[in-house]
Amino acid sequence: MALVSNVRFCRVVDAERLTTEQVDAGEQRAALVRELTPTSRERLNAVEARIVRILSVYRAQQAEDYVVTETAQALERVGWVALKLLIARDHLADPTQTVDVSTLKRQAAVLDRELAGELAGSLRESKAATRELLTRRLEACERRAQALAEVEADLARTDAQLDLALDRAALAERPSAITAHLDLAGRMLDGSLFGDAENTVAAIERSFAPTPTPVTPTKETA
């Protein structure tokens, strides 16, 4: 008889796979950080400094090991969310991707005046089509501005949550895990907000997925 599936073997394989994925994710994350604008990199450094400070307080107050571990995992997730938000902000605010809205509005106003007058059939159709395209571009600009405002709001919320986590840790004699307080860690962002980094972000996101449960061993009759 032979074991078709061995729990210990599965755990070893899963552990090796997880280690490899963590190393790859770390390298990919470092590459994403290098691509941030100086302002965003500085913002991320501030977030990471808060995280280090919070964990230092937990250790100084001799919190239980499992509490420190759970908190570190929650803070790692928040740091990742902060990085994603900064990547999205840089993409949305990229000057090579943005459009002068006032120019589009002026062009639209000119076309509106022309379309209100007498125009030959083919010329009217052409200008009407151009006006429709301008409408779509203006709508896209509005969506971009809205997304950027939401990202900025989430970044501010991240700062506030980390400050709250630090306050709670400092006030408690025996801090408890703060996972429940960092609900922003579950924030989902549309992949299109990351621009060229979309695939890399998705790959790192997979590294945060729970480790698969080992397969129950079964026996096979030789």
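Below: a short report on this structure. None of these values were measured; they are calculated from a predicted model.

Before going further, it helps to spend a moment on the overall build of the chain. Per the secondary structure count, the chain includes 6 helices and 2 strands. From first element to last, N terminus to C terminus, the chain shows the α and β order β-α-α-α-α-α-α-β. Across the 222 residues in the chain, those meeting the buried criterion constitute 30%. A separation of at least 24 residues holds for 81% of the contacts in the chain among residues at least 6 apart in sequence. Just so you have it, the chain exposes about 14000 Å², and 54% of that area is on carbon and sulfur atoms.

Each pocket or cavity is described by its volume, and for the second largest pocket that value is around 370 Å³. In terms of lining, the second largest pocket is formed by 16 residues, of which the most central are Glu-35, Ile-87, Phe-194, Asp-196 and Ala-197. Contributing elements (two or more residues each) for the lining of the second largest pocket: helix H1 (7–35) and helix H3 (65–92). When residues of the lining of the second largest pocket are assigned to their parent elements, the largest contribution, 4 residues, is made by H1. Classifying every residue of the lining of the second largest pocket gives 6 nonpolar, 6 polar and 4 charged.

The subject of this paragraph is the packing of helix H2 (residues 38–60) against H3. Closest axis-to-axis distance for the H2/H3 pair is 10 Å, and the angle between their directions is 170 degrees. Between H2 and H3, the interaxial angle falls into the category roughly antiparallel. Residues Thr-39, Ser-40, Arg-43, Leu-44, Val-47, Ile-51, Ile-54, Leu-55, Tyr-58 and Arg-59 of H2 lie in contact with H3, whose contacting residues are Val-67, Val-68, Thr-71, Ala-72, Leu-75, Gly-79, Ala-82, Leu-83, Leu-86, Arg-89 and Asp-90. Per-class residue counts for the contact of H2 with H3 are 13 nonpolar, 4 polar and 4 charged.

Conventions and cut-offs
Residues numbered from 1 in each chain as written. Predicted model: local features only at pLDDT ≥ 70, side-chain atom pairs only at ≥ 80, totals over all residues. Heavy atoms only, no water. Helix = DSSP H or I, 4+ residues; strand = E, 2+ residues; numbered from the N terminus. Buried < 20%, exposed > 50% of the residue type's maximum accessible area, 1.4 Å probe, protein only. Contact = heavy atoms within 4.5 Å. Areas by Shrake-Rupley, 256 points an atom, 1.4 Å probe, with all protein chains shown as cover. 1 Å grid on protein atoms, 1.4 Å probe; cavity = no way out; pocket = protein on both sides within 12 Å on 5 of 7 lines; lining within 4 Å. Points joined across faces, edges and corners; volume = space filled by probe spheres on them. Nonpolar A, V, L, I, M, F, W, Y, C, P; charged D, E, K, R; others polar. Axes fitted to C-alpha atoms, helices over the stretch in contact; angles between N-to-C directions. Parallel < 35°, antiparallel > 145°, perpendicular 65-115°, else oblique.

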